[in-house]
Amino acid sequence: MVRFAELLIAFKEYPHTDALERAFELVDLCVAMAQGRIRPVAALADPRMIGVIHTTRQPGRGLVDRVQALEGHDGVLCISLVHGFPWGDVPDMGAKVLVYTDGDADKAHSIASRLADELFGLREQLVAPYPNIDTALDEALAFNGGPVVLADSADNVGGRSAPEIASALILPAWTPPPPCCTLGRWATPLPATPLDICTRPVTKAAKGRQRTLPTHRSSAIERHWV
């Protein structure tokens, strides 16, 4: 993609709330390029890791802020920190740093390499604190209120994660299960013991769609609320 595209710009925010801003940025740079005011040169660096850069907390927020502070100065046109989508099954899957400068290949490679090293150094701090199943259930049952949502850490099915996993389990304030409850088995794509739980079906949508971005909806899938 980098070889054949004149410009590529990825989302900077995660969750991806900046689709419109990145679109304007791309159009502005394309116009400047078409008018001959800039000559984008790309450099791609591979930190050799799989990462998700949450910009709602540190250190991801600070890293993206530092990246944006570099843009528009000293010939730096734009910088993209690509997470690497852990659920992707492609040869090039993994985090990447993509830097465009105005005609200065050496500067682009230098900045991309430096940011890739910084990203790799933050790899453990960038990992979100996901509790195990027992801890999550204990916290949910101890919460005085509701509803409580227990969500799987994978992306949605529209993002190509395994469709047989439980996307979310919604629990109201805890009450003992009624005698008529059903026994459900939640599948997992990993070689692990399935989890037997008591559930009461509420409704299902045979052709449900999920809006993930302002311009995108996932394919139709069957959803169950229990």
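Refer to the structure above for everything that follows.
Just so you know, these numbers come straight off a predicted model, no measurement behind them. (Residues numbered from 1 in each chain as written. Predicted model: local features only at pLDDT ≥ 70, side-chain atom pairs only at ≥ 80, totals over all residues. Heavy atoms only, no water.)

Undergrad: Any chance you could explain the sheet that holds strand β1 (residues 40-45) here in plain terms?
TA: Strand pairing in a sheet takes place through backbone hydrogen bonds and is either antiparallel or parallel in direction. An order of β1-β3-β2 is seen for the three strands of this open sheet, with the pairing classed as antiparallel. At either margin of the open sheet sits one strand with a lone partner, and together these are β1 and β2 (76-82). Sheet twist, expressed as the mean angle between neighbouring strand axes with direction ignored, is 15 degrees. (Pairing = 2+ DSSP bridges. Helix = DSSP H or I, 4+ residues; strand = E, 2+ residues; numbered from the N terminus. Axes fitted to C-alpha atoms, helices over the stretch in contact; angles between N-to-C directions.)

Undergrad: Just to check I follow, could you spell out the pattern of salt bridges for this structure?
TA: Close approach of charged atoms allows side chains with opposite charge to pair. Applying the stated criterion to the full structure yields eight salt bridges. Its salt-bridge partner being Glu13, residue Arg61 comes within 2.8 Å of it at the nearest N-O pair. In this pair, Arg61 sits in helix α2 (residues 60-70) while Glu13 sits in the segment before α1 (19-34), placing the two residues 48 residues apart along the sequence. For the pair shown, Arg61 and Glu13 are each scored as buried. A salt bridge links Asp46 to Lys96; the nearest nitrogen and oxygen atoms lie 4.0 Å apart. Note that Asp46 is positioned in the loop between β1 and α2 and Lys96 in strand β3 (residues 96-102), a separation of 50 residues in sequence. On the basis of relative accessibility, which here comes to 38%, the residue Asp46 falls in the partly exposed class. A relative accessible area of 15% means that Lys96 is categorised as buried. A cluster of three or more residues bridged by salt bridges with shared partners is formed by Lys12, Asp18, Arg22, Glu25 and Glu71. (Salt bridge = Lys/Arg side-chain N within 4 Å of Asp/Glu carboxyl O. Buried < 20%, exposed > 50% of the residue type's maximum accessible area, 1.4 Å probe, protein only.)

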